[in-house]
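Chains, contacts and geometry: an overview
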Amino acid sequence: MKFSKLFLPTLKETPSEAEVISHKYMLRAGLIRKLAAGIYSVMPLGVRVLRKIENIIRQEMNRAGAQEVFLPSIQPSELWRESGRWDFYGKELLRVTDRHGREFCYGPTAEEVITDLVRNDVRSYRDLPLNLYQIQTKFRDEIRPRFGVMRGREFSMKDAYSFDADEEGAEESYRAMKKAYEAIFLRCGLRFSAVEADTGQIGGSSSHEFMVLADSGEDTIVHCQKCGYAANVERSRLPLPPVSAAPPPPAPMEEVATPGMGAVEDVAEFLKRDTTDFIKTLIFKTGLKERPLVAALCRGDHEINHVKLARAIGCAEASLAEEADVVKATGAPVGFAGAPGLAIPVVADNWVRNIVNAVTGANKADTHIVNVNPERDFPEGTEWADIRQPQEGDLCPECAAAMGLAKGIEVGHIFKLGTKYSESMNATFLDAEGEKKPMIMGCFGIGVGRTAAAAIEQNHDDDGIMWPMAIAPFKAIVLPLNIKDSAVMDVAESIYHNLDDSGLEPLLDDRNARAGVKFNDADLIGIPLQVIVGKKGVEQGKAEIKIRATGEKLMVDIAETPARVAELVKKFTP
RNA sequence: CGGGGCGUAGCGCAGCCUGGUAGCGCAUCUGCUUUGGGAGCAGAGGGCCGGAGGUUCGAAUCCUCUCGCCCCGACCA
């Protein structure tokens, strides 16, 4: 490909809308342009990257025994009503009505469609297992799209669905996908971690997220260096707190005046007590009829994780209650809630249980209670659970070593669905005994554009992108520094054609531009290898190969250049 | 949805407070020179100032409404 013919408008300055690195560089390197919030056009260079990623995905999915299909993006509401998600999915589901008044949605995922497809054509255990996947545009009407294609509303996703006759088969399908995913992200040149995850709206029994480690990630994970345990904080398991051998004796509860001091830090300062002696009480809305409000407790220096809390309560989501509800539930303004004497249900974090002579709110304005002892003073029926946010240094649930926290970008997510959809949508088969059974399902997603963005987050410098070889739009860019110098141009063209004939996907920068412009654009768009052809080099029979990622420069005989490029391409392709 | 910010040429911005009919840099086009890290000179084109009302002799500027975008939060395969 010749640069002069390529639709590749690079930007010298960053458009003001971009905040994160990958978004900035995707715009500047001419990969994408925005059409509306969370909706992007992909330009030629971007398409080349996406196709590379898609092809790696295809190869590994096919190798794992999955078959590619292509499902509709517009899906009838009936299927979604059958699964029960028409109402459950909420505003994120983009609903449309056709000219006859029939309701449809733009597919955010395809469990319903695939289950419908399979139930109609699969009847026997002999047809199982089956794993079908597609690479399709999805639409999710996110509340707040952001960070370019990282959290877009319209995006390309590979989604796979497995159907098995029994648990062992489903387990095997899950393992095969996990292995395929590891191969895919490894080949894409990403540093990632497969972590235990929450199942969210998709449902099902268990799941792993594939997290690309990057500071700009929206998810937080806890991980153990020693044994390799890693989990999304939403799914983190924390061991019980150490028990003191000789705890001080419990003292009688006593009210203290704490005028205007709602925050734990203020009260701690005032009472000269450590925040670890405090029990923080937060009131949450659950959306449940039987217990709309719940008090969640954690130690003063800890934070409640809303997702862990929701799971402990058994509700879809837990969010902080409005001020009026807090007043109603506790009889005090926000900041003075405490478990003793509270009428609403109490869920307390395990780490609260053996705090001795703790400080907590008195359910009375400007008042706290000291010497609270949970076992003695908490209401009857208090539930204990693991509901707090992990902290740096928390101990590993598997091996008890200290864990760390890291930010990650979720590029893939795999779920064991069980029979959630096959039962609600009646996808059954006859087993060897002639008995009718629901298929056991799994589902497996990869965000294609997000994988590209994650690759940039992990591989860039101040000058631009440094594409991993396997997903680079071009593997090498040939830079004749002066196209009017026919000796230089002849050498550049011959190297270019040679590379092209060898299938090494070269780009020839044949623009009549100064050397600096070409260097800067080559760095920006992140082609892994630059072949620099200049006057001085040509006179000595040499060309120069620059490795974008390391900055390393090699002087090479012109005749050997294509072979050296081929070598380097091979070396850098995992 | 709550909070904050921003819409002026393709991109980045100034002008707005204190109304007088739009400007800078980059990019683009033409010509000449230049060609190893975003060139120089000369010339040229491009904006009903997001939109709609209003105030005024006069609105990019003041007021009201509206649309869009970005950030934080809530939310989220």
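Since we're looking at a predicted model, the values are computed, not measured.

Quick word on the environment of Gln389
Positionally, Gln389 belongs in the loop between strand S20 (383-385) and strand S21 (403-418). Residues within four places of Gln389 in sequence aside, it is in contact with Val233, Leu238, Glu303, Ile304, Asn305 and Asp394. In this structure the side chain of Gln389 is engaged in a polar contact, spanning 2.8 Å, whose partner is the side chain of Asn305.

Re the side chain of Asp219
Tracing the chain through its elements places Asp219 in strand S11 (residues 219-224). Summary of buried charges: Asp219 has no salt-bridge partner, and the nearest side chain of opposite charge, Arg450, is 5.6 Å away. Apart from residues no more than four positions distant in its own chain, Asp219 is found in contact with Met211, Asn232, Ala406, Lys407, Gly408 and Glu410.

Looking at the pattern of salt bridges
For the structure on display, the rule yields 43 salt bridges. Between Arg151 and Glu142 there is a salt bridge whose closest N-O contact spans 3.1 Å. Accessibility expressed as a relative area gives 17% for Glu142, which makes it buried. Put simply, Lys416 and Glu171 hold a salt bridge, and the shortest N to O gap is 3.1 Å. Of this pair, Lys416 sits in strand S21 while Glu171 sits in helix H6 (residues 167-187); the two residues are 245 residues apart in sequence, bridging distant segments of the chain. Connected via shared salt-bridge partners are Arg48, Lys52, Lys475 and Glu505.

Description of the packing of helix H1 (residues 21-28) against helix H12 (residues 448-458)
Any two packed helices are characterised by how steeply their axes cross, that is the angle between the axes, and by the distance between the axes. For the pair H1 and H12, the least separation of the axes is 8 Å and the interaxial angle reads 105°. With respect to their mutual orientation, H1 and H12 come out roughly perpendicular. Two secondary-structure elements touch here, H1 through Ile21, Ser22, Tyr25 and Met26 and H12 through Ala452, Ala453, Ile456 and Glu457. The residue inventory of the contact of H1 with H12, partitioned by class, reads six nonpolar, one polar and one charged.

Notes on the state of the cysteines
Enumeration over the complete set of coordinates arrives at zero disulfides. With no disulfide of its own, Cys227 lies 3.6 Å from the sulfur of Cys396, the closest cysteine sulfur.

Some points on the sheet that holds strand S16 (residues 319-320)
What holds strands together in a sheet is hydrogen bonding between their backbones, with the strands either parallel or antiparallel. Reading across the sheet, the five strands line up as S16-S14-S15-S17-S20 and stay open at both edges, with mixed pairing between neighbours. Edge positions in the sheet fall to S16 and S20, since each of these pairs with one other strand and no more. Across three bridges, strand S17 (residues 346-349) lies against S20 in parallel orientation. Note on S20: the bridge partner recorded for Ala348 is Trp384.

Quick notes on H6
For H6, built from 21 residues, the straight-helix expectation of 30 Å at 1.5 Å per residue is met to within 8% by its first-to-last C-alpha distance of 30 Å. When H6 is considered as a whole, its buried residues turn out to be Gly169, Ala170, Ser173, Tyr174, Met177, Ala180, Tyr181, Ile184 and Phe185. All buried residues of H6 project into a common sector of 135° when viewed along the axis, lining one side. Of the residues in H6, the exposed ones pointing more than 90 degrees away from the buried face are Glu168, Lys179 and Leu186. Just downstream of H6 lies Gly189, where phi reads positive at about 80°.

Some words on the protein's contact with RNA strand B
Of all residues adjacent to RNA strand B, which total 47 residues, the nearest are Thr109, Arg140, Met157, Glu410 and Asp523. Of all RNA strand B atoms lying within 4 Å of any protein atom, the proportion belonging to sugar or phosphate reaches 45%. At 2.6 Å from a phosphate oxygen of RNA strand B is found a main-chain nitrogen or oxygen belonging to Ser16. Thr109 places a side-chain nitrogen or oxygen 2.5 Å from a base nitrogen of RNA strand B. At the level of elements, strand S1 (32-36), S21, helix H14 (515-525) and strand S30 (542-547) are the ones that each hand at least two residues to the surface near RNA strand B.

As for the domain arrangement of chain A
Domain boundaries assigned for chain A yield domain 1 (7-237 + 405-456), domain 2 (254-385) and domain 3 (474-571). Centre-to-centre separation of domain 1 and domain 3, based on C-alpha positions: 38 Å. Each partner contributes residues to the interface: domain 1 has nine residues there, and domain 3 has six residues. With both sides pooled, the region where domain 1 packs onto domain 3 buries about 670 Å², and carbon together with sulfur makes up 65% of that total. Seen at the junction of domain 1 and domain 3, the total is two salt bridges. Between Glu505 and Lys52 there is a salt bridge, with the nearest N and O atoms lying 3.0 Å from each other.

Reading the values: the criteria
Residues numbered from 1 in each chain as written. Chains lettered and ligands numbered in written order. Predicted model: local features only at pLDDT ≥ 70, side-chain atom pairs only at ≥ 80, totals over all residues. Heavy atoms only, no water. Helix = DSSP H or I, 4+ residues; strand = E, 2+ residues; numbered from the N terminus. Contact = heavy atoms within 4.5 Å. Polar contact = N/O pair within 3.5 Å; in protein donor to acceptor, adjacent residues only side chain to side chain. Buried < 20%, exposed > 50% of the residue type's maximum accessible area, 1.4 Å probe, protein only. Lys, Arg positive; Asp, Glu negative; His and termini not counted. Salt bridge = Lys/Arg side-chain N within 4 Å of Asp/Glu carboxyl O. Axes fitted to C-alpha atoms, helices over the stretch in contact; angles between N-to-C directions. Parallel < 35°, antiparallel > 145°, perpendicular 65-115°, else oblique. Nonpolar A, V, L, I, M, F, W, Y, C, P; charged D, E, K, R; others polar. Disulfide = S-S within 2.5 Å. Pairing = 2+ DSSP bridges. Expected span 1.5 Å × (residues − 1). Arc of directions from axis to C-beta. Near = heavy atom within 4 Å. Domains from an automatic or database assignment. Buried area = accessible area lost by both parts, 1.4 Å probe.

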